[in-house]
Amino acid sequence: RLNMDQDKPLGGASAKEPVRTTEPELDLVLARLREAEAKYRDIYESAQEGIFQTTPDGRYLSANPALARMLGYDSPEELVASVTDIGRQMCVRPESRVQFRRRLEVEGHVLEFENEIYRKDGSIIWTSVNARVVRDAQGAVLYYEGTSQDITKRRHAEAQLATLAHAMESTSEMICITDVEDRFTFVNRAFAEAYGYAPEEILGKTPGILFS
């Protein structure tokens, strides 16, 4: 039998009324959106870390002032306009960009990806990048976004420590370092062998072990 009541859907359920937003409510929503956007923009502009968006083929879509300064450019706009192929123009080892891209698209993100980068003036810095892939609803890659930090000083310090450690291990002079509790935190091989131990047998012990 046909439903003769044309004002109701079949089955007797009442039609759902559309949700109406009053003009004051809409103004409030728009005001909150503008406030959130302003806060995000302030964070983006004042951040100490570089923030970026790039295409998979290595073109900058956006960059914040910190990234421009890190790379030696006068403004984000200059950086975006000048660099159209990050791998070719900026990477000391272009193959590192290929590795970066492969990891991103397989894993969806990368953490602390360290790489040597050319600045605008040709000088070289080390950077550490955290990034993720942004995809559309069908799963196609839209762009990469993330942060970049200059770690040049840290890398130089690590290299100096490695050189020093090698020199201390290579010398025939006996060298040891203890902490405030008089426990060995470092002994070179010459020191350990003079007392008939391997270095790892002395570390963490007090000098009494040498005379036991």
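Thresholds applied
Residues numbered from 1 in each chain as written. Predicted model: local features only at pLDDT ≥ 70, side-chain atom pairs only at ≥ 80, totals over all residues. Heavy atoms only, no water. Pairing = 2+ DSSP bridges. Helix = DSSP H or I, 4+ residues; strand = E, 2+ residues; numbered from the N terminus. Axes fitted to C-alpha atoms, helices over the stretch in contact; angles between N-to-C directions. Contact = heavy atoms within 4.5 Å. pLDDT = per-residue confidence, 0-100. Core = buried A, V, L, I, M, F, W, Y, C linked by side-chain atoms within 4.5 Å. Buried < 20%, exposed > 50% of the residue type's maximum accessible area, 1.4 Å probe, protein only. Expected span 1.5 Å × (residues − 1). Arc of directions from axis to C-beta.

A short note on the sheet that holds strand β3 (residues 109–118)
Turning to step 1, where the next piece is worked out: Ordered by their spatial adjacency, five strands build an open sheet running β2-β1-β5-β4-β3, and the pairing between neighbours is antiparallel. The outermost strands of the open sheet, each flanked by one partner alone, are β2 (60–63) and β3. Across this sheet, the average inter-strand angle for adjacent strands is 30°, counted without regard to direction.
Turning to step 2, where the next piece is worked out: The pairing of strand β4 (residues 124–135) with strand β5 (residues 141–150) spans nine bridges and is antiparallel. Within β5, the residue paired with S128 across the bridge is Q149.
Turning to step 3, where the next piece is worked out: Sheet strands touched by helix α6 (residues 152–170): β3, β4 and β5. Its angle to β4, the strand with the most contacts, is close to 125°.

Things to note about the pairing of strand β7 (residues 184–187)
Turning to step 1, where the next piece is worked out: Where strand β6 (residues 176–178) meets β7, three bridges bridge the pair, whose relative direction is antiparallel. Each residue of the ladder has a partner; that of I177, found in β7, is F186.
Turning to step 2, where the next piece is worked out: Hairpin connection of β6 to β7: five residues between the antiparallel strands, including D182 at a positive phi of 65°.

Some remarks on the confidence of the model for the protein chain
Turning to step 1, where the next piece is worked out: When pLDDT is averaged along the protein chain, the result is 86, and 83% of the positions lie at 70 or above.
Turning to step 2, where the next piece is worked out: When the criterion is pLDDT under 50, residues 1–13 qualifies, and its contacts beyond four places in sequence or with other chains add up to six contacts.

Details of the pairing of β5
Turning to step 1, where the next piece is worked out: In the sheet, strand β1 (residues 50–54) pairs with β5 via five bridges, with the strands oriented antiparallel. Paired with T54 across the bridge in β5 is Y144.
Turning to step 2, where the next piece is worked out: Here β4 hands over to β5 after five residues, with G139 in that stretch at a positive phi of 95°.

Details of the nonpolar core
Turning to step 1, where the next piece is worked out: Formed by 23 residues in total, the largest nonpolar core has its most connected members in Y60, L67, L71, L79 and F100.
Turning to step 2, where the next piece is worked out: The set of elements that each furnish at least two residues to this core consists of β2, α2 (65–70), α5 (95–107), β3 and β4.
Turning to step 3, where the next piece is worked out: A total of four residues in this core trace back to one element, the largest contributor, which is β4.
Turning to step 4, where the next piece is worked out: In contact with Y60, not counting residues within four places along its chain, are F52, Q53, T54, L67, L71, L79, V80, V83, I86 and M90.
Turning to step 5, where the next piece is worked out: Of all hydrophobic cores here, the second largest spans seven residues; its members include F184, V187, I202 and I209.

A few points about α5
Note that an α-helix has 3.6 residues per turn; residues three or four places apart therefore point the same way.
Turning to step 1, where the next piece is worked out: For α5, built from 13 residues, the straight-helix expectation of 18 Å at 1.5 Å per residue is met to within 8% by its first-to-last C-alpha distance of 18 Å.
Turning to step 2, where the next piece is worked out: Listing the buried residues of α5 in full gives S96, R97, F100 and L104. Summarising the axial view, the buried residues of α5 lie within an arc of 105°, below the 170-degree limit, and thus occupy one face. Residues R102 and V106 are exposed on α5 and point more than 90 degrees away from its buried face.
Turning to step 3, where the next piece is worked out: Just past α5, the residue G108 takes up positive phi, approximately 90°.

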